[in-house]
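# Descriptive analysis of the structure
Here is how the chains run, residue by residue.
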Amino acid sequence: MDHATLRSLVVSAQGLGCMSMSEHYGPTDWDRATSAIHRALDLGVSLLDTADIYGAGHNEVLLGRAIADRRDEVVVATKFGVDRSAGDHRRRVRGEPDYVRRSCDASLLRLGVDHIDLYYLHRPPQDVDLAETIDAMAGLVTAGKVRHLGLCEVDADQLRRAHDVHPITAVQSEYSLWSRDVEAVAPVMAELGVGLVPYSPLGRGFLTGGVAPASLGETDSRSGHPRFQGDNATANQRLATKVGAAARNLGVSSAQLALAWVHARSSRLGIPVVPIPGTSSPDHVTDNVKALDIVLDDAVLAELEPLAQQVSGDRNGALQTTALQEVRP
């Protein structure tokens, strides 16, 4: 397994996103998810990513139990800030200091660990100034409960303001062949020495060619996502078909090609890029890790370059845009 360094935090060059093991992408299975985590560790994947809202804490408990006897092999990353207690359609993004401290203590308990290696603010807070939240997070580092701080889905100005309070190790944002917004923040990340941890590097599964939008069940949040609906889904299927054709020419899977493209962006953006493809399938974990062995030449990269301009539909669904919109106090 290759490794990358996010500031001073050494992690596997590819991580594992655990969200779908608890909710959002259809039925879940505890034993299968645990097997996927163990497969990842066996293959040298060390960065495991969760959040306190995934399954309302279920995901942290699942991850904590899965790594209980292998803690020294794992870089535990979790997030806080999105308060779902009033229901999903009345979510709030909180960052008041007392909430920060209580969230961390609750995550430590669910995970069954004595410290969190990388602690993210899930979105910029709506109730207090960002600097106040980061200062409270810095207090967790001083207390030994957290080792490194991260931010999710921030712009360049927010990253600078946070970094002025305490060094930021990583920014987690959606990034893939069909979602490249975060590239606008990359120059500031390079300047400050901040790494990028892309979530949904497979386009929420769409780019693998293995997701049929029309067959998504009620428990799968993608059924309400703009890019998976109606004419958008039809248009985006053409994009997925192009990825599939390019992958077949290389003798790799669509998922491997999509991940190899993300890995290749590290040198072009000038920052460490460590994607965290999510899956609860041990076989998919194995398939994804093989992407690290793929080197894409300039011709393939040029073929893939325009795909983001061809995507149809907003990046976020209505729930994210209405309930998780940026608010700067």
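Computed from a predicted model, the values in this text were never measured in an experiment.

### Regarding the environment of P277
Relative to the assigned elements, P277 resides in the loop between α8 (254-269) and α9 (282-289). Overall, the relative accessible area of 2% leaves P277 in the buried class. The spacing of P277 and Y199 is 78 residues in sequence and 6.5 Å in space, taken between C-alpha atoms. Not counting the four nearest positions on each side in its chain, P277 is found in contact with Q14, G15, L16, G17, P201, L202, L259 and N288.

### Remarks on the nonpolar core
Counting 84 residues, the largest nonpolar core has L16, I37, L48, L159, L257, L296 and L304 as its most contacted members. A per-element tally of this core places α8 first, with eight residues. Contact partners of L16, with chain neighbours within four places excluded, come to M21, A36, I37, A40, V45, L47, L48, D49, I276, P277, T279 and V285. Counting residues in hydrophobic clusters, the runner-up holds 15 residues, among them A4, L47, L118 and C152.

### Overview of the sheet that holds strand β8 (residues 116-121)
Pairing in this open sheet of seven strands is parallel, and the strands run β3-β4-β5-β8-β9-β10-β11 from one edge to the other. Edge positions in the sheet fall to β3 (16-17) and β11 (195-199), since each of these pairs with one other strand and no more. As paired elements, strand β9 (residues 146-152) and strand β10 (residues 170-174) share three bridges and run parallel to each other. Looking at the pairing, G150 lines up with A170 of β10. Of the strands in this sheet, β5 (75-80), β8 and β9 touch helix α3 (residues 97-111), which is tilted by about 135° from β8.

### Let's talk about the UniProt feature "domain: NADP-dependent oxidoreductase" (unreviewed entry) in the protein chain
Sequence positions flagged by UniProt for "domain: NADP-dependent oxidoreductase" (unreviewed entry) are, in local numbering, residues 15-305. Annotation note: span residues 15-305, helix share 41%, strand share 13%, distance between end C-alpha atoms 24 Å.

### Topic: unusual backbone geometry
Positioned with a positive phi, R7 is a non-glycine residue whose angle comes to about 55°. Within the element layout of this structure, R7 appears in the loop between β1 (3-6) and β2 (9-12). Overall, R7 belongs to the partly exposed group, its relative accessible area being 33%. One non-glycine residue with positive phi stands out, namely S200, at about 50°. Checked against the element boundaries, S200 lands in the loop between β11 and α7 (230-250). With relative accessibility at 14%, the residue S200 sits in the buried group.

### Things to note about the pattern of salt bridges
For the coordinates displayed, the defined rule picks out 22 salt bridges. The partner of R94 in a salt bridge is E96, with the nearest N and O atoms 2.3 Å apart. Members of the salt-bridge network, linked through shared partners, are E153, E174, D181, R204 and R315.

### Some words on the pairing of β5
Of all six residues in β5, six are buried, a share of seventy percent or more. Of the two faces of β5, the one lined by V75, A77 and K79 and the one lined by V76, T78 and F80 are each fully buried. Considered for its hand, the β-α-β crossover made up of strand β4 (residues 47-49), helix α2 (residues 58-66) and β5 is right-handed. The pairing of β5 with β8 spans four bridges and is parallel. From the neighbouring strand, F80 faces β8, where its bridge partner is L121.

Calculation notes
- Residues numbered from 1 in each chain as written.
- Predicted model: local features only at pLDDT ≥ 70, side-chain atom pairs only at ≥ 80, totals over all residues.
- Heavy atoms only, no water.
- Helix = DSSP H or I, 4+ residues; strand = E, 2+ residues; numbered from the N terminus.
- Buried < 20%, exposed > 50% of the residue type's maximum accessible area, 1.4 Å probe, protein only.
- Contact = heavy atoms within 4.5 Å.
- Core = buried A, V, L, I, M, F, W, Y, C linked by side-chain atoms within 4.5 Å.
- Pairing = 2+ DSSP bridges.
- Axes fitted to C-alpha atoms, helices over the stretch in contact; angles between N-to-C directions.
- UniProt positions renumbered as here; feature names shortened; annotations may be inferred.
- Salt bridge = Lys/Arg side-chain N within 4 Å of Asp/Glu carboxyl O.
- Right-handed = clockwise from strand over helix to strand, strands pointing away.

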